[in-house]
Amino acid sequence: DAGVIQSPRHEVTEMGQEVTLRCKPISGHDYLFWYRQTMMRGLELLIYFNNNVPIDDSGMPEDRFSAKMPNASFSTLKIQPSEPRDSAVYFCASSLLAESVETQYFGPGTRLLVL
Amino acid sequence: DAKTTQPTSMDCAEGRAANLPCNHSTISGNEYVYWYRQIHSQGPQYIIHGLKNNETNEMASLIITEDRKSSTLILPHATLRDTAVYYCIVRVDFGNEKLTFGTGTRLTIIP
């Protein structure tokens, strides 16, 4: 398996533009997570899905952020409009609820810079 | 509501055992101790987890005290590639409760 795939790996945009980050989870995993990492705040959970349904979006910073999971193999995190303070590394992770223990597998991340 | 406390940074000589402590004095009976690490410019990587017994895998060993209020991750023969930030996390083991990452320990392996 190729692991969790994220695209793009790097994104530079100007303030006010729409940004869309993409994630393909590991095949067969039922859970998908979006995280954001900055030097100031560390690694924060933004939202997670179970079987394509959003379960907890309490970490989404504000209405400018939205996430969708139209099918089991694809998810997007959208920022509209983007602001410089959104600059961070965004990670997608997936996991399989199996038996009694599961672990999350992380993608390589998308480095976002908003100018 | 930090559930764990870790030292900010540690150094270890290459080839020696690296022992990373973690305090989790408020851990509940149904919470596991998980360890992840993050090498620079990469996503977090799962290392090991345990409930109350000591655990060992190909990457590391996990020693949990009898009262479960603290634990130690042991990298038996540290290499330069083990330089990373190590996160100790406690979480329940049903459903798929979100991982809450703290600030971790920045481990530097010195040649």
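Placed above this text is the structure.
The following refers to the structure shown. As the structure is a prediction and not an experimental result, all values here were calculated from the model. (Residues numbered from 1 in each chain as written. Chains lettered and ligands numbered in written order. Predicted model: local features only at pLDDT ≥ 70, side-chain atom pairs only at ≥ 80, totals over all residues. Heavy atoms only, no water.)

1. Describing the overall build of chain A
Helices and strands together make up the secondary structure of chain A, namely zero helices and 11 strands. Taken over C-alpha atoms, the radius of gyration comes to 14 Å for chain A, in line with the 13 Å a tight globule of 115 residues would show. Taking the principal axes of the C-alpha coordinates as reference, chain A spans close to 45 × 30 × 25 Å. Looking at chain A residue by residue over its 115 residues, the buried ones come to 49%. Residue pairs at least 24 apart in sequence account for 54% of intrachain contacts in chain A once pairs closer than 6 positions are excluded. A total accessible area of about 5800 Å² is found for chain A, and carbon and sulfur atoms account for 51% of it. Here chain A contributes 10 positively and 14 negatively charged side chains, and the mean placements of these two sets differ by 6 Å. (Helix = DSSP H or I, 4+ residues; strand = E, 2+ residues; numbered from the N terminus. Rg over C-alpha atoms; globule rule 2.2 N^0.38 Å. Buried < 20%, exposed > 50% of the residue type's maximum accessible area, 1.4 Å probe, protein only. Contact = heavy atoms within 4.5 Å. Areas by Shrake-Rupley, 256 points an atom, 1.4 Å probe, with all protein chains shown as cover. Lys, Arg positive; Asp, Glu negative; His and termini not counted. Charge placed at Lys NZ, Arg CZ, Asp CG, Glu CD.)

2. As for the state of the cysteines
Counted by the stated rule, this structure contains two disulfides over all chains. Residue pairing for A:Cys23: its cysteine sulfur links by disulfide to A:Cys92, the two sulfurs lying 1.9 Å apart. The disulfide joining A:Cys23 to A:Cys92 has a torsion of about -70 degrees about its S-S bond and is therefore left-handed. Of the two residues, A:Cys23 sits in strand β3 (residues 19-24) while A:Cys92 sits in strand β9 (residues 88-95), which places them 69 residues apart along the sequence. The structure places no disulfide on B:Cys12, whose sulfur is separated from the nearest cysteine sulfur, that of B:Cys22, by 18 Å. With relative accessibility at 8%, the residue B:Cys12 sits in the buried group. (Disulfide = S-S within 2.5 Å.)

3. Let's talk about a nonpolar patch on the surface
All names here are of chain A. The grouping of Val12, Leu113 and Leu115 at the surface amounts to a nonpolar patch, some 290 Å² of accessible area in total. Considering the arrangement of structural elements, one finds leucine 113 in strand β11 (residues 110-114). Here leucine 113 falls in the partly exposed class, since its relative accessible area comes to 40%. (Patch = residues over 30% accessible without salt bridge, like charges linked within 9 Å, V, L, I, M, F, W, Y side chains within 5 Å. Salt bridge = Lys/Arg side-chain N within 4 Å of Asp/Glu carboxyl O.)

4. Here we look at the sheet that holds strand β6 (residues 61-64) of chain B
Residues and elements named next belong to chain B. Read from one edge to the other, the open sheet built from four strands follows the order β2-β7-β6-β5, with strand pairing classed as antiparallel. Only two strands of the sheet have a single partner each, and these edge strands are β2 (18-23) and β5 (55-56). Where β2 and strand β7 (residues 70-75) come together, six bridges link them in antiparallel fashion. By the bridge assignment, cysteine 22 is partnered in β7 with serine 71. (Pairing = 2+ DSSP bridges.)

5. What about the side chain of B:Arg37?
All names here are of chain B. Along the chain, the position of arginine 37 falls in strand β3 (residues 31-38). Polar side-chain contacts of arginine 37 include one of 2.8 Å to the side chain of aspartate 82. In this structure the side chain of arginine 37 is engaged in a polar contact, spanning 3.1 Å, whose partner is the side chain of tyrosine 86. When sequence neighbours within four positions are dropped, the list of residues in contact with arginine 37 reads Gly43, Pro44, Gln45, Ile47, Met59, Arg81, Asp82, Ala84, Val85 and Tyr86. (Polar contact = N/O pair within 3.5 Å; in protein donor to acceptor, adjacent residues only side chain to side chain.)

6. A look at the pattern of salt bridges
Residue and element names in this part refer to chain A. Tallying each qualifying case throughout the model produces 10 salt bridges over all chains. In this structure, glutamate 62 engages arginine 64 in a salt bridge whose closest nitrogen and oxygen atoms are separated by 2.8 Å. Residue classification places arginine 64 among the buried positions, given a relative accessible area of 10%.

7. Section: the packing of aromatic side chains
Applying the stated criterion to the full structure yields nine aromatic pairs over all chains. Between A:Tyr31 and A:Phe33, the ring centres sit 6.4 Å apart and the planes meet at 20 degrees, which makes this aromatic pair stacked. The pair formed by A:Tyr31 and A:Phe33 is uniform in burial state, with each residue classed as buried. Consider the rings of A:Tyr31 and A:Tyr48, whose centres lie 6.4 Å apart with planes at 35 degrees: the pair is tilted. Taken together, the positions of A:Tyr31 in strand β4 (residues 31-38) and A:Tyr48 in strand β5 (residues 42-50) put the pair 17 residues apart, joining distant regions of the chain. With a relative accessible area of 10%, A:Tyr48 lands in the buried category. One Lys or Arg, B:Arg91, reaches over the ring of B:Tyr34 and ends 5.1 Å from the middle of that ring. (Phe/Tyr/Trp six-rings, centres within 6.5 Å; stacked < 30°, edge-to-face > 60°. Lys NZ or Arg CZ within 6 Å of the ring centre and 35° of its normal.)

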